[in-house]
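For reference, the chains in residue letters:
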Amino acid sequence: VRKLILLVAVQGCAQLGAPPGGPEDHAAPHLLRVSPDTNALNARPKSVELQFDEIINERPARGGDNLSGLFIVSPRRGRVDVKWHRSRIEIRPRRGWQANTTYTITQLAGISDLRGNADSVQHQYIFSTGPTRAASFIRGEVFDWATGHPAARAYIEAVHLPDSLTYGEYADSLGRFVVRYLTPGRYLVRGIVDANNNRVLDRRELFDSATVVLADSASHEMLAFVHDSVGAGLAEVEVKDSVTLRSRFDRPLRPGIPVPASRFSLR
């Protein structure tokens, strides 16, 4: 009897297979479809819907505490709602989609599933509510004026005047940007060194702005610095040679502004 029991136990252990549930999932969520389709014309959506192949985590791996921080709707006027529906994300401007306008939905890296597998790639979806896609664009570079270095990942806004329809885009790692799918007209262009990644110009953040008249294309270099009501102060004076003093200020001076000798006195 003892031999029979031992034999059955050994045979049972030999038949053990892989644990149930299949191999562990290490893949980021995959987009199955977007509605309206990217590059669609004459679209009349109530909302843009992204359908993924699995349940999306409501708290993204990066980009803030909710999914709205992972999407840029360009252009926009007012607030944009981003709603979670398990494996589906719904995006809708509160004031609706503008007629005859080309829209870009930028999905930043950070969409993740319930296991924490995150997408590390940025995606863009484009559609037009009119019969064509707008073809004008503004390109340029953003520099941190104080350091003289390119402002990597600066946030760019191009605000159409006078209706305040706002287009948004990020610069690349060298501070270069292209805001596409614009219509001709006047734009207030602003480059922001967005320290907290909220895509809002906050106090003490570096920025530069300019008004651009756009036909087909325009180019502008932006020198971002802190704008405040306190002027530059004299920080240091050194003797350069027997007839020259060198003055250093506590912040960068704006280029192109004359500094006449009458502003200085030597005693």
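Just above, that's the structure.
Description of the structure in this document. Predicted, not measured: the structure shown is a model, and the values here were computed from it.

Cut-offs used in this document
Residues numbered from 1 in each chain as written. Predicted model: local features only at pLDDT ≥ 70, side-chain atom pairs only at ≥ 80, totals over all residues. Heavy atoms only, no water. Buried < 20%, exposed > 50% of the residue type's maximum accessible area, 1.4 Å probe, protein only. Helix = DSSP H or I, 4+ residues; strand = E, 2+ residues; numbered from the N terminus. Pairing = 2+ DSSP bridges. Phe/Tyr/Trp six-rings, centres within 6.5 Å; stacked < 30°, edge-to-face > 60°. Lys NZ or Arg CZ within 6 Å of the ring centre and 35° of its normal.

### Digging into the pairing of strand 6 (residues 102–107)
Moving on, step 1. Most of strand 6 is tucked away, with 6 of its 6 residues classed as buried.
Moving on, step 2. Bridge count between strand 3 (residues 71–74) and strand 6: 4 bridges; the pairing is antiparallel. Residue pairing in the sheet places Val73 in a bridge with Ile105 of strand 6.

### A closer look at the packing of aromatic side chains
Moving on, step 1. Counting across every chain of the model gives 6 aromatic pairs.
Moving on, step 2. Measuring from centroid to centroid gives 5.4 Å for Trp97 and Phe127, while their planes differ by 75°, and the two rings are edge-to-face. On the criterion of sequence distance, the pair formed by Trp97 in the loop between strand 5 (88–93) and strand 6 and Phe127 in strand 7 (residues 123–128) is long-range, its members being 30 residues apart. Accessibility assignment for this pair places Trp97 and Phe127 in one class, buried.
Moving on, step 3. Cluster of aromatic residues (ring-pair linked, three or more members): Trp97, Tyr103 and Phe127.
Moving on, step 4. Positioned over the ring face of Tyr170 is Arg153, at 4.5 Å from the centre of the ring.

### Some details on the environment of Ile55
Moving on, step 1. Mapped onto the elements of the fold, Ile55 is located in the loop between strand 2 (48–52) and strand 3.
Moving on, step 2. Judged by relative accessible area, Ile55 falls into the partly exposed class, the value being 26%.

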